[in-house]
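Inside the fold
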Amino acid sequence: MGQRSWENSLCALLDCSAMSAKSAISKEIFAPLDERMLGAVQVKRRTKKKIPFLATGGQGEYLTYICLSVTNKKPTQASITKVKQFEGSTSFVRRSQWMLEQLRQVNGIDPNRDSAEFDLLFENAFDQWVASTASEKCTFFQILHHTCQRYLTDRKPEFINCQSKLMGGNSILHSAADSVTSAVQKASQALNERGERLGRAEEKTEDMKNSAQQFAETAHKLAMKHKC
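As a convention, each chain's residues are numbered from 1 in the sequence order in which they are written. With pLDDT at 70 or above as the cut-off, local features in this predicted model cover only qualifying residues; side-chain atom pairs require 80 or more to be listed or tallied, and sums for whole chains, interfaces and linings still use all residues. Heavy atoms from the whole structure form the basis of all side-chain values; hydrogens and water molecules are not counted.

A pair of strands is labelled paired if DSSP reports no fewer than 2 bridges between them. Helix and strand definitions here come from DSSP, where helices need a minimum of 4 consecutive H or I residues and strands a minimum of 2 consecutive E residues; each element is numbered from the N-terminal end. Within the open sheet, the eight strands sit side by side as 4-3-2-1-7-6-5-8. Their pairing is mixed. Where the open sheet ends on each side, the last strands, each with one partner, are strand 4 (93–99) and strand 8 (158–160). Between one strand axis and the next, the sheet turns by 30° as a mean value, whatever way the strands run. One ladder, built from five bridges, connects strand 3 (residues 78–86) with strand 4; its direction is antiparallel. Counted as the bridge partner of Val83 is Arg94 from strand 4. Most of the contacts of helix 3 (residues 134–151) go to strand 1 (residues 35–45), to which it runs at about 135°, and overall it touches strand 1, strand 2 (62–71), strand 3, strand 5 (103–107), strand 6 (117–122), strand 7 (126–131) and strand 8. Axes here mean lines fitted to C-alpha atoms, for a helix over just the part in contact, with angles spanning 0 to 180 degrees between N-to-C directions. Any two residues whose heavy atoms approach within 4.5 Å are treated as being in contact.

In structure tokens form, the structure reads like this:
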């Protein structure tokens, strides 16, 4: 197996594992609270914080996920939650949580190339992260950007140093909407054209009927004339 094939296989395995973990997080952390998880990204800190041993509970290594969720109950509230899975455990633990309104800035780090690094600035917190892959970060950013546009009416966070595709949530949805609109317009046009064709056919049928009737009347007059 070549280097490229090996890397592709590893990425596929990691993606499958990440999807399984995110599905479990959604069921364990958010569903019981009547919340719906919109997206998540597995991350590691770019710079480690100095945290006292007792603050972490001394539970060793762990995986960290940044999750975006909304409440099912109206009015809808969106939040960002830090979820951890400690080594040797199959369950997930909810850690820090912020309301989406508390998010002030989203930093994509590099607008000129794909990068897994990003920063999140909240009212009372600042974290520097690196996602498991650049594509996972891209997907999360698209969902986050669209969610901010949809649920925040006043103060929206600033997205800086981001590639245009990272903020493609709206573009993706708009493209889908445009496709649906285009399909409806085409269907309507086809029906109109069909109606016009039927209308022309009816006109031709009426003309043929009138011509046949005139022919019959003319033939009858000629027959009466010759009979006389």
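Right, let's talk about the packing of aromatic side chains for a bit. Classification of ring pairs rests on two measures: the distance between centres of Phe, Tyr or Trp rings, Trp counted by its six-membered ring, which must be within 6.5 Å, and the angle between planes, read as stacked under 30 degrees, edge-to-face over 60 and tilted in between. Under the counting rule described, the total for this entry stands at five aromatic pairs. When the ring of Tyr62 is compared with that of Phe86, the centres are 5.5 Å apart and the planes differ by 65°; the resulting orientation is edge-to-face. Here Phe86 lies in strand 3 and Tyr62 lies in strand 2, a separation of 24 residues in the sequence. The buried category is assigned to Phe86, whose relative accessible area is 9%. Feature note: the residues Phe118, Phe141 and Phe159 constitute an aromatic cluster, connected by ring pairs. Our definition puts a charge over a ring when NZ of Lys or CZ of Arg is within 6 Å of the ring centre and also within 35 degrees of the ring normal. Sitting over the ring of Phe141, Lys137 keeps its end group 5.4 Å from the ring centre. Burial classes: relative accessible area under 20% of the type maximum marks a residue as buried, over 50% as exposed, and values in between as partly exposed (1.4 Å probe, protein chains only).

A word on the confidence of the model for the protein. Here pLDDT means the predictor's own confidence in every residue, given as a number from 0 to 100. On average, residues of the protein score 80 in pLDDT, and 65% of them are at 70 or above. In this model, residues 169–181 is a region of pLDDT below 50 whose contacts with residues beyond four sequence positions or in other chains number seven contacts.

Turning to the side chain of Lys137, a few remarks are in order. Turning to its location among the elements, Lys137 is positioned in helix 3. Those residues in contact with Lys137 that sit more than four places away from it in its chain are Val41, Gly108, Ser115, Ala116, Glu117, Phe118, Ala131 and Leu166.

Counting residues in each nonpolar core, the largest one holds 26 residues, and the members touching the most others are Ile66, Ile80, Leu100, Leu103, Phe118, Leu120 and Leu144. When contributions to this core are tallied by element, the ones reaching two or more residues are strand 1, strand 2, strand 3, strand 5, strand 6, strand 7 and helix 3. Here this core gets five residues from one element, more than from any other, and that element is helix 3. Filtering out sequence-adjacent residues up to four positions away, Leu103 remains in contact with Ile80, Leu120, Leu121, Phe122, Leu144 and Pro157. Nonpolar cores were defined as sets of buried Ala, Val, Leu, Ile, Met, Phe, Trp, Tyr and Cys residues, with membership established by side-chain atoms within 4.5 Å. Grouped together as the second largest cluster of nonpolar side chains are ten residues, Ala21, Ile29, Phe30 and Tyr65 included.

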